[in-house]
Each structure stands twice: as structure tokens, then as C-alpha cells.
Amino acid sequence: MIEVLNVRKSFGGNEVLKDVSFRVNDGDVIAILGPSGSGKTTLLRCLSFLETADGGRSVFNGKEYDLHKSSKKDIHEYRKHIGFVFQDYQLFGNKTALENVTEGLIVARRMKKEEAEEKGLRALEKVGMLDKRDFYPSKLSGGQQQRVAIARAMVSEPGVIFFDEPTSALDPELTGEVLDVMRKLAEDGTTMVVVTHEMEFARRVADRVILMEGGVIVEEDSSEVFFTAPKTERAKAFLEGIRGGKV
């Protein structure tokens, strides 16, 4: 479904991404792991045109997009196929849960309000937030806000959803409710690329694991192989660090 080719990005003299390439098949759940500063978030932001890459391409359903210099028209078309869930929710504080979910459909896609609300209600129901449809973000817990953000990402039925450490701002109890929603999406066949520190999620839900460090992919394999028989010394050290509480 998506082929990521040769993505590069620097901030000043700091080369954050160094020729990163990988493939995402339809229905895949890919967990991207790695220490802080390894380039994980920057990679997702470049793949979503939230950052402009210095080079690289994304091939989506056979159409190639230049991550460095695509036209506004191409970026708009590309974004129709992706959803993005941020670490910090990024909900509109002056809009209800339902309005947050439907805003993009109404404004960006010019969908009729009635149709958008019908889709929005179904999305909120899927993440267990239908009863909070008229609540403003200030009245919702962090976990509830993140579930609304997931509903917003999925309401347009994208080909893939990118998750940027969706539980990093949550305490353990709220983390669990968000991960439960993501597990259900995976069971439904939703294609997801997830930057995460949640190792149990990566092990039990992800189909494949990518380990990044220093702006490159140092290991990529099935989750089972990665966690039970890592091939590189860096992956072995990373897993040992997790078990020892050092990562």
C-alpha cells in the first residue's frame, strides 16, 4: 500500500533522517521503536507533510509523491488517504467532541453537515465516546480526548493512520483505554504505523517492528522475531535496556 523511499531530513547541521526506506502493506500494524532522538516522530511528520523532507518519496497505491516538493494539490490529495494522531490530541477547545471529529469533513472535504455528523457519530461509537459527543475537551480526561482524536483520524476512512506516541501524555489507566481502542482497530484490519514506547502493544498487536537509531533503521522484522530472536547487537541491547528499565 505505501512504499517509503529514501527519506532524508536535517535541522541545521543535525541530520535527523538518513535515507530511510520501508514498506507498509494493506492491513499492517507497524510499530516504530527506538530511543529518544532517533528520528521516529520526524519520520511520521515528513510522511504526513507536516514537515518538509529534504528528500524522499512516498508511493501510495501506485502514485508517487515527492516529500520534498509536491504541489499543494498533490499534498491535499495525499492527505485524503492518511490520518494522524498526535501525542497531545490537538483538539479544538471551543468545539465539542462531535464537532472536532466532523470539522475536517465539513471544511476540508465540503461534506454536508448531516452526512458528516452521521459519520462522526459512528466513529465516536467505535472508540466508546458516543455518550460524550456534546462534551468540550476541557470536560474530558486525557484518554477520552485521545479517543476523540482517534475518531477524528478514522472518520474519513483513510488508507493508513499514523500514531505519534499516542499514549505518552497519559497515566497507566488512561493508556490502557487508548491501547484497547487501537487493538480493536487492528482487529478490524486498519493499517497503522505507530511510534510507541509501549512494548507489550508492539509485541502482541504489531505485525512488524522497525527499530530506529540515529536517523536510520537498524533492524526490521516481524514482532515475534524481533522480540524473541533479534538479529543485530543494537536490537539486543535495546531490548535488554527495556528489561532493565533503561530505555
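For the structure, see preceding data.
This text gives an overview of the structure that appears in the document. (Residues numbered from 1 in each chain as written. Predicted model: local features only at pLDDT ≥ 70, side-chain atom pairs only at ≥ 80, totals over all residues. Heavy atoms only, no water.)

## Some details on the packing of helix H3 (residues 97-107) against helix H4 (residues 113-126)
For the pair H3 and H4, interaxial distance at closest approach is 9 Å and the crossing angle is 130 degrees. Of the possible angle classes, the one that applies to H3 and H4 is oblique. In the packing of H3 onto H4, the handedness of the crossing is right-handed. Packed against H3, whose contacting residues are Ala97, Leu98, Val101, Thr102, Leu105 and Ile106, the element H4 presents Lys113, Ala116, Glu117, Lys119, Gly120, Leu121, Ala123 and Leu124 at the interface. The residue makeup of the contact of H3 with H4, split by class, is 9 nonpolar, 2 polar and 3 charged. (Axes fitted to C-alpha atoms, helices over the stretch in contact; angles between N-to-C directions. Helix = DSSP H or I, 4+ residues; strand = E, 2+ residues; numbered from the N terminus. Parallel < 35°, antiparallel > 145°, perpendicular 65-115°, else oblique. Left-handed = near helix turned anticlockwise from the far one by under 90°. Contact = heavy atoms within 4.5 Å. Nonpolar A, V, L, I, M, F, W, Y, C, P; charged D, E, K, R; others polar.)

## Quick word on the sheet that holds strand E8 (residues 192-195)
The sheet built from 6 strands is open, its strands ordered E6-E7-E8-E3-E9-E10 with mixed pairing. Each of the sheet's edge strands pairs with one partner strand only, and the pair in question is strand E6 (82-85) and strand E10 (216-222). With strand direction ignored, the average angle separating the axes of adjacent strands in the sheet is 15 degrees. Judged from the 4 bridges that link them, strand E7 (residues 160-164) and E8 form a sheet pairing that is parallel. Bridge assignment links phenylalanine 163 to a residue of E8, and that residue is valine 194. Packed onto the sheet, helix H1 (residues 40-47) meets strand E3 (29-33), E6, E7, E8 and strand E9 (208-213) and runs at close to 145 degrees relative to E7. (Pairing = 2+ DSSP bridges.)

## Topic: the packing of helix H5 (residues 142-154) against helix H6 (residues 172-187)
Here H5 crosses H6 at 20 degrees, and the two axes come no closer than 8 Å. What the angle tells us is that H5 and H6 run roughly parallel. Of the two possible hands of crossing, H5 and H6 adopt the one that is right-handed. Across from Gly142, Gly143, Gln144, Gln146, Arg147, Ile150 and Met154 in H5, the residues of H6 making contact are Leu174, Glu177, Val178, Val181, Met182 and Leu185. Residues of the contact of H5 with H6, tallied by class, amount to 7 nonpolar, 4 polar and 2 charged.

## Structural notes on H6
Under the 1.5 Å per step criterion, the end-to-end length of H6 is 22 Å for 16 residues, consistent within 8% with the ideal 22 Å. Burial in H6 covers these residues: Leu174, Thr175, Val178, Leu179, Val181, Met182, Leu185 and Ala186. In an axial view of H6, the angular spread of the buried residues amounts to 155 degrees, which keeps them on one side of the axis. Opposite its buried face, H6 presents the exposed residues Pro172, Glu173, Lys184 and Glu187, each directed more than 90 degrees away. Downstream of H6 by one or two residues, glycine 189 has phi in the positive range, about 90 degrees. (Expected span 1.5 Å × (residues − 1). Buried < 20%, exposed > 50% of the residue type's maximum accessible area, 1.4 Å probe, protein only. Arc of directions from axis to C-beta.)

## Quick notes on H4
Under the 1.5 Å per step criterion, the end-to-end length of H4 is 20 Å for 14 residues, consistent within 8% with the ideal 20 Å. Those residues of H4 that sit buried are Ala116, Lys119, Gly120, Ala123 and Leu124. Around the axis of H4, the buried residues are gathered within 140 degrees of arc, so they sit on the same side. Facing away from the buried surface of H4 by more than 90 degrees, the exposed residues are Glu114 and Glu125. On its buried face, H4 is in contact with H3 and H5.

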